[in-house]
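Structural overview for review
Each chain, written out:
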Amino acid sequence: MLLRLPTSVSEAQQCLAEGAVPIGGATLVWATWQRDGFPELAMSLRNLPEATVLEPEALGAAVVLHRMDDRVPGVLRGAAGSVGTGAVRRTATVGGNIVGSSLRCLLPAALVLDARATVLGPDGTYETDLAEVVAKRHLLLGLRWRTPLASGYRKQPAEAGGPPPLVVATAVHADDDGRRLRVAVRDGYEVLDATVACDGDTGEAVGALEGTDVGALPSGAVDVVREQAADILRPLAGR
């Protein structure tokens with residue numbers, strides 16, 4: 001297998017045109033390659049500046065999870081820290097987790113940040129939403145968002161080898177129309193998200209979630225959502 005390491009978007013685009021298979025840390029594909037055979041040509045974005053950004057409102061797809069620190073919102077740090085073991089987090093990348101994984105632990109965090117994705121296609125780079133990235137498995141270059149007032153992440157305990165644990169991500173944003181609470185939940189392999197106003201009483205905002213798709217989850221999951229939403233909203237009351 002020949003591994004290409006492009007240092008510019010135009011080089012990466014040429015690699016794609018030549019049939020290179022994009023890889024990150026390869027934590028999710030190595031066993032498959034050992035079983036089924038390695039591709040002739042692969043491409044890593046780890047030397048591409050656009051894919052290695054780590055800033056308060058931007059994150060590159062080639063950033064490995066263990067590098068997430070207080071430069072990014074707490075919801076992203078919590079999501080990254082919940083993935084696998086330390087060895088996995090030192091290798092697994094943002095892009096691999098969101099696009100290449102069936103679990104997508106970072107996806108709920110990115111959704112509540114209202115993140116926009118920059119992807120690379122045959123005609124160059126463009127911005128799109130996360131739903132399109134996941135559905136079409138685009139080559140992700142990075143994410144951008146606006147800093148929230150507060151954010152949080154919770155992954156419920158689960159037995160090894162069992163079903164995926166429940167994940168609840170939350171963030172509060174402020175704009176010209178007031179404050180909004182965004183919630184995203186991974187229940188099994190499905191990810192749901194909802195947005196409600198949260199200018200008034202915390203209980204009202206939490207109650208408003210019951211009228212969304214998130215509120216239609218099983219009662220145990222809804223209880224966790226309520227707790228997580230209340231935890232993030234309570235410190236903001238009166239501010």
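Reference entry: report on the structure contained in this document.

Calculation rules
- Residues numbered from 1 in each chain as written.
- Predicted model: local features only at pLDDT ≥ 70, side-chain atom pairs only at ≥ 80, totals over all residues.
- Heavy atoms only, no water.
- Helix = DSSP H or I, 4+ residues; strand = E, 2+ residues; numbered from the N terminus.
- Buried < 20%, exposed > 50% of the residue type's maximum accessible area, 1.4 Å probe, protein only.
- Contact = heavy atoms within 4.5 Å.
- Areas by Shrake-Rupley, 256 points an atom, 1.4 Å probe, with all protein chains shown as cover.
- Lys, Arg positive; Asp, Glu negative; His and termini not counted.
- Charge placed at Lys NZ, Arg CZ, Asp CG, Glu CD.
- Core = buried A, V, L, I, M, F, W, Y, C linked by side-chain atoms within 4.5 Å.
- Pairing = 2+ DSSP bridges.
- Axes fitted to C-alpha atoms, helices over the stretch in contact; angles between N-to-C directions.
- Salt bridge = Lys/Arg side-chain N within 4 Å of Asp/Glu carboxyl O.

The next subject is the overall build of the protein chain. When its secondary structure is counted, the protein chain shows nine helices and 12 strands. A principal-axis box enclosing the C-alpha atoms of the protein chain has dimensions of 60 × 40 × 30 Å. The burial tally for the protein chain puts 47% of its 239 residues in the buried class. Look at the contacts in the protein chain between residues 6 or more apart in sequence, and 55% of them connect residues 24 or more apart. About 11600 Å² of surface is accessible on the protein chain, with carbon and sulfur atoms providing 48% of the total. Separation between the mean location of the 23 positive side-chain charges and that of the 29 negative ones in the protein chain comes to 6 Å.

Turning our eyes to something else, we now look at the nonpolar core. Judged by nonpolar contacts, the single largest core of 38 residues is most densely connected at Val94 and Leu143. Counting residues per element, this core draws most heavily on helix H6 (residues 106–112), which supplies six residues. Membership of the second largest hydrophobic core comes to 25 residues, among which are Leu166, Cys198, Leu209 and Ala230.

Now for the sheet that holds strand S10 (residues 167–175). Read across the sheet, four strands follow the order S9-S10-S11-S12 without closing on themselves; strand pairing throughout is antiparallel. A strand with exactly one partner marks an edge of an open sheet, and here the two such strands are strand S9 (150–155) and strand S12 (190–197). Looking at each pair of strands side by side, their axes are set apart by 15 degrees on average, direction ignored. Summarising the sheet, S9 and S10 pair through six bridges and their orientation is antiparallel. Bridge assignment links Ser151 to a residue of S10, and that residue is Ala171.

Structurally, Gly19 can be placed in the loop between helix H1 (9–17) and strand S2 (21–23). When its relative accessible area of 45% is taken as the criterion, Gly19 is described as partly exposed. Sequence separation between Gly19 and Asp123 is 104 residues, and the spatial gap between their C-alpha atoms is 15 Å.

Moving on to the pattern of salt bridges. Pairing is possible between side chains of opposite charge, provided their charged atoms come close. By the definition in use, this model includes 10 salt bridges. Salt-bridge contacts for Asp193 lead to Arg182; the nearest nitrogen and oxygen are separated by 3.7 Å. Linking Asp193 in strand S12 with Arg182 in strand S11 (residues 178–187), this pair joins segments that are 11 residues apart in sequence. Residue Asp193 is classed as partly exposed on the basis of its relative accessible area of 36%. A single network of salt bridges, built from pairs that share partners, joins Arg154, Glu227, Asp231 and Arg234.

Another aspect to go through is the pairing of strand S3 (residues 41–44). In S3, alternate side chains face the same way, and those of Leu41 and Met43 on one face and Ala42 and Ser44 on the other are all buried. The pairing of strand S1 (residues 2–4) with S3 spans three bridges and is classified as parallel. Considered in S3, the bridge of Leu3 is made with Ala42. Note that S2 and S3 share three bridges and pair parallel. If you follow Pro22 over to S3, its bridge partner there is Met43.

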